[in-house]
Amino acid sequence: MKKLLTIALVAIAMTANAQEKKWYDNISLNGYGMLQYQGSDKENAESNSFNLRLLRMILNGKISDFDWRVQVQGSSAVGPGNPTVMLVDLYTEWVKHKAFRVKVGQFKRAFTFENPTHPITQGWYSYAMVINNLAGFGDRTGEKPSGGRDIGIQFQGDLLKSASGRDLLHYQVGVYNGEGINSKDKDNRKDIIGGLWVMPVEGVRIGAFGWTGSKDGVGNKNRYALSAEYDKDEYTFRTEYVHSQGMGADASLGDKADGFYAFGIVPVIKSKLHAKARYNLYRQAKEWGTSKTMYEVGLNYFFNKRLQLNAEYARVNERATHESYNFVDLQLDFRF
């Protein structure tokens with residue numbers, strides 16, 4: 001009897017240990033850091049500085065048919081000696097059916113191709129100016145910088161398949177507070193954002209997005225974006241136009257703004273060195289007299305899959321101030 005009891009206890013302990021191991025197997029901890037140097041010779045505003053662009057710690061997991069993520073960010077965005085540390089992602093997503101998934105929590109808004117792109121794989125010193133101003137990063141409305149995120153619920157899925165089984169159509173629609181990250185709704189009016197794109201051939205996406213909402217209950221915020229992308233075998237080409245209607249934080253700029261970007265990133269040495277060029281335009285009042293344009297070129301060098309060096313030069317033209325100047329950016333990015 002004693003021997004039988006011992007065997008039973010060992011079996012129970014082994015089963016519990018196996019279950020615990022399986023539970024841990026469904027959780028991963030990773031992250032990345034982005035170290036930066038920037039310089040500009042803009043008249044009366046010259047700059048030359050090292051910077052800690054980003055540190056992110058990411059915890060991913062799975063519980064049954066639900067994926068979840070927690071992501072915390074640290075940066076020097078506020079200024080030297082006063083860094084920003086914040087929760088940027090906290091969500092769970094029901095992923096049982098690829099054609100219909102449901103995400104709840106705080107995450108990227110369903111607007112534009114570029115917004116959800118990883119800061120490292122995005123390939124540039126920053127997202128395009130129109131994305132930064134009209135997709136919830138440092139928004140034109142005066143909304144606090146939110147990295148393109150908000151709190152809400154989103155439905156998305158992939159429909160239709162080619163003969164080879166490749167997805168042909170993707171949809172996504174979300175309902176959000178409209179206040180950015182870590183904030184309750186202040187006006188009880190929600191932002192609704194949706195996107196639809198087709199994938200006619202491998203590597204190609206052609207899509208459109210719409211966004212309607214409000215700013216602190218005063219006036220409407222209506223936006224749309226038109227997008228196209230080719231991404232395959234280390235060749236990436238993407239272009240997007242974004243239009244916004246609704247008063248911004250600066251009422252003197254009127255109620256319309258827009259912008260456009262187009263870029264190409266191509267391999268010079270496969271998996272080692274990429275060359276890039278981007279046309280980057282933003283008009284803060286949808287008038288050419290308020291436009292800012294950046295003509296950018298650069299190189300991305302990959303030491304390995306976890307370490308890369310990005311170099312970029314831009315000629316900047318600001319029509320509002322009749323200024324043109326040079327801009328450089330170097331970034332050392334690593335993953336862990």
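Thresholds, definitions, all that
- Per-chain numbering applies: the sequence of each chain, read as written, is numbered from 1 onward.
- This being a predicted model, a pLDDT of at least 70 is required before a residue's local features are given, and a value of 80 or more before pairs of side-chain atoms are given or counted; all residues contribute to the totals for chains, interfaces and linings.
- Excluding hydrogens and water, the side-chain values take into account all heavy atoms of the structure.
- Numbering of helices and strands runs from the N terminus, with a helix taken as a DSSP run of H or I at least four residues long and a strand as a DSSP run of E at least two residues long.
- When accessible area is computed with a 1.4 Å probe and restricted to protein chains, residues below 20% of their type maximum are described as buried, those above 50% as exposed, and intermediate ones as partly exposed.
- Contacts are assigned to residue pairs with any non-hydrogen atoms lying within 4.5 Å of each other.
- All accessible areas in this document rest on Shrake-Rupley with a 1.4 Å probe, and a residue is counted as covered only by the protein chains that are shown.
- By the convention used here, strands pair only if DSSP detects at least 2 bridges between them.
- A patch consists of residues whose relative accessible area exceeds 30% and which take part in no salt bridge; residues with like charges are grouped when within 9 Å of each other, and nonpolar side chains (Val, Leu, Ile, Met, Phe, Trp, Tyr) when within 5 Å.
- Salt bridges are defined by distance alone: a side-chain nitrogen of Lys or Arg within 4 Å of a carboxyl oxygen of Asp or Glu.
- Two rings from Phe, Tyr or Trp (for Trp, the six-membered ring) form a pair when their centres are within 6.5 Å of each other. A pair whose planes differ by under 30 degrees is stacked, one over 60 is edge-to-face, and the rest are tilted.

**Observations regarding the overall build of the protein chain**
Phase 1 of the analysis: For the protein chain, the helix and strand inventory stands at two helices and 16 strands.
Phase 2 of the analysis: Considering the protein chain as a whole, with its 336 residues, one finds that 44% of them fall into the buried category.
Phase 3 of the analysis: Considering only contacts in the protein chain between residues 6 or more positions apart, those separated by 24 or more positions represent 52%.
Phase 4 of the analysis: Of the roughly 17,500 Å² of accessible surface on the protein chain, a fraction of 62% belongs to carbon and sulfur atoms.

**Digging into the pairing of strand β9 (residues 204-214)**
A regular strand carries its side chains on alternate faces of the sheet.
Phase 1 of the analysis: Here strand β8 (residues 191-198) runs beside β9; their pairing, made up of seven bridges, is antiparallel. Note that in β9 the partner of Ile-192 across the bridge is Thr-212.
Phase 2 of the analysis: Turn length for the β8-β9 hairpin, with the two strands adjacent in sequence and antiparallel, is five residues, and the turn residue Gly-203 shows positive phi of about 90°.
Phase 3 of the analysis: The pairing of β9 with strand β10 (residues 220-232) spans 11 bridges and is antiparallel. Each bridged residue has a counterpart across the sheet, and for Ile-206 the counterpart in β10 is Ala-228.

**Here's the deal with a nonpolar patch on the surface**
Phase 1 of the analysis: A cluster of nonpolar side chains, namely Leu-29, Leu-55, Met-57, Leu-59, Val-72, Val-85 and Phe-336, defines an oily patch on the protein surface of about 610 Å² accessible area.
Phase 2 of the analysis: Of the residues forming the nonpolar patch, the biggest block, three residues, is contributed by strand β2 (residues 47-63).
Phase 3 of the analysis: Examined against the element boundaries, Met-57 turns out to sit in strand β2.

**Things to note about the pattern of salt bridges**
Phase 1 of the analysis: Applying the stated criterion across every chain, the model contains 21 salt bridges.
Phase 2 of the analysis: Put simply, Arg-238 and Glu-229 hold a salt bridge, and the shortest N to O gap is 2.7 Å. For the pair Arg-238 and Glu-229, a shared accessibility class is recorded, and that class is buried.
Phase 3 of the analysis: Connected through shared salt-bridge partners, Glu-114, Arg-205, Glu-229 and Arg-238 make up one network.

**Considerations on the packing of aromatic side chains**
Phase 1 of the analysis: Across all of its chains, the model carries 19 aromatic pairs by this definition.
Phase 2 of the analysis: Measuring from centroid to centroid gives 5.7 Å for Phe-113 and Phe-209, while their planes differ by 85°, and the two rings are edge-to-face. One end of the pair, Phe-113, is in the loop between β5 (100-108) and α2 (129-134); the other, Phe-209, is in strand β9, with 96 residues separating them in the sequence.
Phase 3 of the analysis: When its relative accessible area of 5% is taken as the criterion, Phe-209 is described as buried.

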